[in-house]
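Residue-level structure breakdown
Listed below are the residues making up each chain.
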Amino acid sequence: MADIPISHILFVSTALFFIGMYGLFTRRNMITVLMSIEIILNSVNINFVVFNKYLYPDRLDGIFFTIFIITIAAAEAAVAIAIIINLYRSHRSIDVESAEEMKY
Amino acid sequence: MTASQVIFYILSAFILGTAVLSVTTAKIFRSAIWLLFSLIGVAGLYFWLEVEFIAAVQIVVYVGGIVVLIIFSIFLTQQSGKEMLKASMLRNIASILSVLFGFALTYNLIYNNNFQAKDKPFDWTVNKIGTQMLETGENGYALPFEVVSILLLAAMVGCIVIAIKSKPEEKNG
C-alpha cells in the first residue's frame, strides 16, 4: 500500500479533473455536460479520500466530505435532468445553444 | 513491482481511458456507458485504498442511481443512435491546449509539494463514521447531516415541480 507515492494517486485525480474540463469545453449536449461534471466531482472525491488516508489517518473528515459530495451530486443530477427534460418539452432540443434565451 | 502496484496502475489506466472515451465518443449512449465503466473503476480505486464503505456508496449512488437516471433521460430526449454535433476544430484545439496547460501547472505544484505519508494505519469503521456523523459535539457532523437531508427534500420537491406537466387550460375552468 505504501509503495505507491501519493503523487501518483494525485496524478490520476488531476488527470480525471482535466478530462472532465475538456468535456465541459467541447460538448454541446446538456446531458454530456452533466456527465463531465460527474467526472469532475469524482476526481475531487478521490483527492479527499487520499489526503484523509495518507496525511491525517487519525481523523475522518475527508470521508465525511466525500459522503456529502456524493449526496449533493445525486441531488444535483436529479434536478438537472428535470430541467433538461422540461427544456426538451418546450424546445425539442437539448443543445446548450438552443437555451440561450434563458440568459435574458 | 508488487501485486498492489500492478493493480493500482491497471486501475488508473482503466479509469483514465474510459473517462477519455466518455468525453470524446460521438454517440451519447456510448458516452453514458463509458462513464459507467469509469465510475466502476473509481469504486475499484476506493477498494484498493481500503475504504470499502466509500466504494459501496460510490457503487450504490453513482453506478446504481445517477447513471441509470442519465440513461433514462437519454432515452426520453433523443434517438440514442444519432451522432452528436462535433465541436469546431479551433475550439477543440484550444480546449486541448488549455486543459494540457492546466494539468501541467497543477501537477507541477503537486509534484514539487512532496507529500509525506504518515506511517499510521488508517482506522475507520462504519461504527465510527456513524457515531461521528450524528454527534453534536466539536467534531460532530450533525448539522451538515440535517442540512443535507433538507437539501434532498428540497431537490425532490423541486424535481416534481419542474418536471410536472401543467394541465391544459380548459380543464382548469
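Residues numbered from 1 in each chain as written. Chains lettered and ligands numbered in written order. Predicted model: local features only at pLDDT ≥ 70, side-chain atom pairs only at ≥ 80, totals over all residues.

What to know about the overall build of chain A
A count of helices and strands for chain A gives 3 helices and 0 strands. Traced from its N-terminal end to its C-terminal end, chain A shows the element sequence α-α-α. A globule of 104 residues ought to have a C-alpha radius of gyration of about 13 Å, yet chain A, at 17 Å, is considerably larger. Put simply, chain A has 104 residues, and 46% of those count as buried. If you take every contact in chain A between residues at least 6 apart in sequence, the share linking residues at least 24 apart comes to 48%. (Helix = DSSP H or I, 4+ residues; strand = E, 2+ residues; numbered from the N terminus. Rg over C-alpha atoms; globule rule 2.2 N^0.38 Å. Buried ≥ 20, exposed ≤ 12 C-beta atoms within 10 Å, placed from the backbone. Contact = placed C-beta atoms within 7 Å.)

Comments concerning the nonpolar core
Core analysis: the largest hydrophobic core is formed by 53 residues, its most contacted members being L16, I19, I31 and V49 of chain A together with Y46 and I70 of chain B. Looking at this core, the elements that each hand over two or more residues are α1 (6–26), α2 (30–55) and α3 (61–91) of chain A together with α1 (3–24), α2 (28–48) and α3 (52–77) of chain B. Setting aside residues up to four positions removed in sequence, I19 of chain A forms contacts with I39 of chain A together with L16, A19, V20 and V23 of chain B. (Core = buried A, V, L, I, M, F, W, Y, C linked by C-beta atoms within 7 Å.)

Brief notes about the interface of chain A and chain B
In this assembly, 60 residues from chain A lie in contact with 69 residues from chain B. Here the side of chain A that touches chain B takes 21 residues from α3 of chain A, the largest share from any one element. In terms of residue class, the side of chain A that touches chain B is built from 44 nonpolar, 11 polar and 5 charged. (Nonpolar A, V, L, I, M, F, W, Y, C, P; charged D, E, K, R; others polar.)

Concerning the packing of α3 of chain A against helix α6 (residues 142–163) of chain B
Relative to each other, α3 of chain A and α6 of chain B sit at 10 degrees, their axes nearing to 9 Å. In terms of orientation, α3 of chain A and α6 of chain B fall into the roughly parallel class. Packed against α3 of chain A, whose contacting residues are F68, T71, I72, A75, A78, V79, A82, I83, I85 and N86 of chain A, the element α6 of chain B presents P144, V148, L151, L152, A155, G158, C159, I162 and A163 of chain B at the interface. Across the contact of α3 of chain A with α6 of chain B, the residue classes break down as 16 nonpolar, 3 polar and no charged. (Axes fitted to C-alpha atoms, helices over the stretch in contact; angles between N-to-C directions. Parallel < 35°, antiparallel > 145°, perpendicular 65-115°, else oblique.)

Regarding the confidence of the model for chain B
Mean pLDDT over chain B stands at 88; residues scoring 70 or higher make up 94%. Scoring the predicted complex yields pTM 0.89 and, for the interface, ipTM 0.91. (pLDDT = per-residue confidence, 0-100.)

Structural notes on unusual backbone geometry
Residues and elements named next belong to chain B. The residue E50 is not glycine, and still its phi comes out positive at about 65 degrees. Locating E50 in the fold gives a position in the loop between α2 and α3. A positive phi angle is found at N114, which is not glycine, with a value near 55 degrees. Assessed through the 9 C-beta atoms surrounding it within 10 Å, N114 is described here as exposed.

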